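The residues making up each chain are set out below.
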Amino acid sequence: MSDTTRDLPTPPDVIRCAYAELVVTDLQASKWFYTGLLGLVVTHETEDALYLRAFEEYLHHSLVVRQGPVAAAAKFAYRVRTPQDLDLAEAHYRALGVEVRRVPAGTTRGIGEAVQVVDPLGFPVEFFHEAEHVERFHQRYDLHGAGAISRLDHFNVVTPDVPAARAYYEGLGFKVSEDIEDDEGTVYAAWMYRKPTVHDVALTGGDGPRMHHIAFATHERSQILHLCDHLGAVRRSDQIERGPGRHGVSNAFYLYLLDPDGHRIEIYTHDYYTGDPDNPVITWDVHDNQRRDWWGNPVVPSWYANASTVLDLDGTPRPVTERTQDRESDVTIGADGFSYTRKDDEAVGFKVGHQV
Ligand SMILES: O=S(=O)(O)c1ccc(O)c(O)c1
Ligand SMILES: [Fe+2]
C-alpha cells in the first residue's frame, strides 16, 4: 500500500465488527451447529441461507450462513456511525485504489445501503449503518441455553505482513491493544479495536488473505464449559479444536470449535476494557509460553496451520500470498515446550514440546 494515512481522505467512523457471512456446503448440518449447539437465534431462514443473531443483538443478524459449493468466508462487515460514513468509506477506498461497490438497501436481507470493498489485504469487507431492528433476547432467559452466547466479538484474519496490515487498520482509526513480537522485531500477530474491548479484528501472520476465525462472546466461563459438555453428550467432541483455556493475550477465557465445514469459531469471554485514549499496548515475546495460553497448555498445530478461504465480491476464491517472514509455529511449538515459562530459567516442566 503506497498511500500514507495522512494522504488519504477521512476514513469512515467504524463503530465495531458487526456481521460475517460464511459459505457452507451443508446448510442443515450447519444449522445444527449454529442453532442446535451454539443456540444462535434464527432471525430469518431461506432455502439457502440462515440469518443468525446472538441473544444481546437487536440488529437483524451478526452471522449469515449461506449454502454454496465451496466453504469460504464471503464477508466481514463493520457498522459505521452514520449514513454519511458510507460516503467517507467510498472515497477512502477509492483513494486506496481497490474495488469499491455501493449497493442499495436490501442487497443483504436486513441491512441498509452499504459499501463493499476488497480491502488492501484482499478481504471482502462491507460498511453499513442502517439495519433492521429485531427483538433483543437479552432477558429471554426462557430461551437462553446453559451455553447462551451474547454477541459477535471479533474477526481474526490471516495476512502475510502484520505491520502493513496494522498500518492499514490504523488508517481506519483502529488502535492496537496487544501484539506478539520477537527480539529481532518480527511481528507475529496484533489485536486491534474500535469498540472498547481488546479487538474487533486480529491480524495473524501467515499465508493470506484467509479467515482464521470469528468469535462470539458469552458473559460467563460456565457457558463455555457447558458447550464443551454439550458436545461430549452428543458425541461431537471432535468439533473442539483448542481449549477451553485462558488466553495470555486478551486475558479471555476461550474455546475454539470447528463447524461442519471446518470454519473456526471461537467462544470467548472476560477480556478487558480498552476505551480510554491512553490504553497501554501489551507486547508479548513470541517465546513466552503463556502468551497464547496463560496456563502454558499446547496450541494444537492445526490452529496455526488451518484457515478458511476468502471470496471476492463475486464469490470467487481469493488467491493466497505466502508469508515470507518467520512463522510463529516455526519458532516455537505453540504456547508449549520449546518456549520459556520464566525467561531466565532452564526448567521446562512437563510440556509436550519436550516429550515428542
Ligand atoms: O491465543 S492468543 O492468546 O494469542 C488469542 C487471544 C485472543 C484471541 O481472540 C485469540 O483468538 C487468540
Ligand atoms: Fe479470537
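As shown above, the structure is provided for reference.
The model shown is predicted, which means the values in this text are computed figures rather than measured ones.

His154, His199, His213, Tyr256 and Arg292 are the nearest of the 14 residues found near ligand 1. A distance of 2.9 Å separates an oxygen atom of ligand 1 from a polar atom in the side chain of Arg292. Against a free-state accessible area of 320 Å², the protein chains account for coverage of 100% of ligand 1. Judged by its atoms lying within 2 Å of the grid points, ligand 1 is housed in the largest cavity. In the shell around ligand 1, the residues fall into four nonpolar, six polar and four charged.

Attention now goes to the coordination of the iron ion (ligand 2). For a metal with four donors in a tetrahedral arrangement, the ideal angle between donors is 109.5 degrees, while six donors in an octahedron ideally sit at 90 or 180 degrees. Donor atoms from the polypeptide that coordinate the iron ion (ligand 2) comprise His154 (NE2), His213 (NE2) and Glu266 (OE), at 1.9 to 2.1 Å from the metal. Read N to C, the donor residues that coordinate the iron ion (ligand 2) are spaced as H-x58-H-x52-E. Pair noted here: His154 is in strand β9 (residues 151-159) and Glu266 is in strand β16 (residues 264-269), with a separation of 112 residues, a long-range link. Residue Glu266 is classed as buried on the basis of its relative accessible area, which comes to 1%.

Moving on: the nonpolar core. In terms of nonpolar packing, the biggest core is built from 61 residues, with Tyr34, Leu38, Leu63, Tyr78, Phe127 and Tyr169 touching the most fellow members. Of all the elements, strand β1 (residues 14-24) adds the most residues to this core, at five residues. Apart from residues lying up to four places away in sequence, Phe127 is in contact with Pro12, Val14, Tyr78, Val80, Leu86, Ala89, Tyr93, Glu113, Ala114, Val115, Val117 and Leu172. Core analysis: the second largest hydrophobic core is formed by twelve residues, Ala18, Tyr19, Ala49 and Phe128 among them.

This part takes up the sheet that holds strand β3 (residues 49-53). Pairing in this open sheet of eight strands is mixed, and the strands run β2-β3-β4-β1-β5-β8-β7-β6 from one edge to the other. At either margin of the open sheet sits one strand with a lone partner, and together these are β2 (41-45) and β6 (100-103). Along the sheet, successive strands turn relative to each other by an average axial angle of 20°, direction set aside. Bridge analysis of strand β5 (residues 72-80) against strand β8 (residues 124-128) gives four bridges, and the strand direction is parallel. The residue bridging Phe76 from the neighbouring strand is Val125, located in β8. Across the sheet, helix α2 (residues 85-95) touches β5, β6, β7 (114-118) and β8, and the angle it forms with β6 is around 160°.

Reading guide: rules and limits
- Counting of residues starts from 1 at the beginning of each chain's written sequence and follows it residue by residue.
- Labels are handed out in written order, letters beginning with A for the chains and numbers beginning with 1 for the ligands.
- With pLDDT at 70 or above as the cut-off, local features in this predicted model cover only qualifying residues; side-chain atom pairs require 80 or more to be listed or tallied, and sums for whole chains, interfaces and linings still use all residues.
- Excluding hydrogens and water, the side-chain values take into account all heavy atoms of the structure.
- Near, as used in this document, describes a residue that has one of its heavy atoms within 4 Å of the molecule or strand being considered.
- Pairs of N or O atoms within 3.5 Å make up the polar contacts considered here, provided that, within protein, one atom can donate a hydrogen while the other can accept it, and that residues adjacent in sequence are counted only when both atoms are side-chain atoms.
- Throughout, the Shrake-Rupley method with a 1.4 Å probe supplies accessible areas, and for residues the shown protein chains are the sole cover considered.
- The definitions used throughout rest on a 1 Å grid laid over the protein atoms alone, on which a cavity is an enclosed set of points accommodating a 1.4 Å probe that cannot get out and a pocket is an open set flanked by protein within 12 Å on both sides along at least five of seven lines; lining residues are those having an atom within 4 Å of a point.
- For a molecule to be placed in a cavity or pocket, more than half of its atoms must lie within 2 Å of the grid points of that cavity or pocket.
- By the convention adopted, Pro, Cys, Tyr, Trp, Phe, Met, Ile, Leu, Val and Ala count as nonpolar, Lys, Arg, Asp and Glu as charged, and the other residues, Gly among them, as polar.
- Water is absent from the atoms considered, so a metal site may look incomplete; donors are defined as N, O and S atoms within 2.8 Å of the metal, or 3.2 Å for Na, K and Ca.
- Only runs of H or I of at least four residues qualify as helices and only runs of E of at least two qualify as strands under DSSP, and these elements are numbered from the N terminus.
- Each residue's exposure class comes from its accessible area (1.4 Å probe, protein chains only) as a fraction of the maximum for that residue type: buried when under 20%, exposed when over 50%, partly exposed otherwise.
- As used in this record, nonpolar core signifies buried Ala, Val, Leu, Ile, Met, Phe, Trp, Tyr and Cys residues forming a set joined through side-chain atoms within 4.5 Å.
- Contacts are assigned to residue pairs that have any heavy atoms within 4.5 Å of one another.
- Should DSSP find at least two bridges between two strands, the strands are regarded as paired.
- Comment: axis = line fitted to C-alpha atoms, over the contacting stretch for helices; angle = value between 0 and 180 degrees taken between N-to-C directions.

All quantities given are derived from atomic positions and should not be read as evidence of function.
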